[in-house]
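A look at the structure
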Amino acid sequence: MIALWPVGATLGLAVLLWRNRGKLNPEVPAEAIAQHHDQDDDVDGFQRERKRHRKAMDQLRKLAVRDEDDSVKGLEFLFEEYEPRCYLFPIFEVVR
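What you are looking at is a predicted structure, and each value in this text was computed from that prediction instead of being measured.

Quick notes on the nonpolar core
Counting residues in each nonpolar core, the largest one holds nine residues, listed as L13, L17, L24, V72, L75, L78, F79, Y87 and I91. Counting only elements with at least two residues in this core, the list comes to α1 (4-19) and α4 (76-79). Apart from residues lying up to four places away in sequence, Y87 is in contact with L17, W18, R21, L24 and N25.

Describing the pattern of salt bridges
If you walk through the whole model with that rule in mind, you get five salt bridges. With a closest N to O distance of 3.9 Å, K73 and E76 form a salt bridge. Since its relative accessible area comes to 26%, E76 is described here as partly exposed.

A word on the packing of aromatic side chains
For the structure on display, the rule yields two aromatic pairs. Seen in terms of ring centroids, F89 and F92 are 6.3 Å apart; in terms of plane orientation they differ by 45 degrees. Their pairing is tilted. Of this pair, F89 and F92 both sit in helix α5 (residues 89-95), separated by three residues, roughly a single helical turn. A residue is classified by how much of its surface remains accessible, and F89, at 33% relative accessible area, is partly exposed. According to the relative accessible area criterion, F92 is exposed, its value standing at 55%. Three or more aromatic residues joined by ring pairs form one cluster here, namely Y82, F89 and F92.

Conventions we followed
Residues numbered from 1 in each chain as written. Predicted model: local features only at pLDDT ≥ 70, side-chain atom pairs only at ≥ 80, totals over all residues. Heavy atoms only, no water. Core = buried A, V, L, I, M, F, W, Y, C linked by side-chain atoms within 4.5 Å. Buried < 20%, exposed > 50% of the residue type's maximum accessible area, 1.4 Å probe, protein only. Helix = DSSP H or I, 4+ residues; strand = E, 2+ residues; numbered from the N terminus. Contact = heavy atoms within 4.5 Å. Salt bridge = Lys/Arg side-chain N within 4 Å of Asp/Glu carboxyl O. Phe/Tyr/Trp six-rings, centres within 6.5 Å; stacked < 30°, edge-to-face > 60°.

The structure is reproduced here in structure tokens:
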């Protein structure tokens, strides 16, 4: 019985997070961003930083949508420290 607790709790957590994955990592339509003509030369990694900034802004938009959803407030203690794309990370923390 003692051996079942760690496995059962971890699987229960995994199922709970997986069933709510659409709310924990919501799909957010990309905002209409004015398309600038990319230069052929990458000055100081500008294009790379621009792409990284877009990804960060997408995560912030997902956080805003997730924070407005009251149906996952009871689970918030599990995922509030993580970005939306890392919603399954608490499982790895439990296993570790």
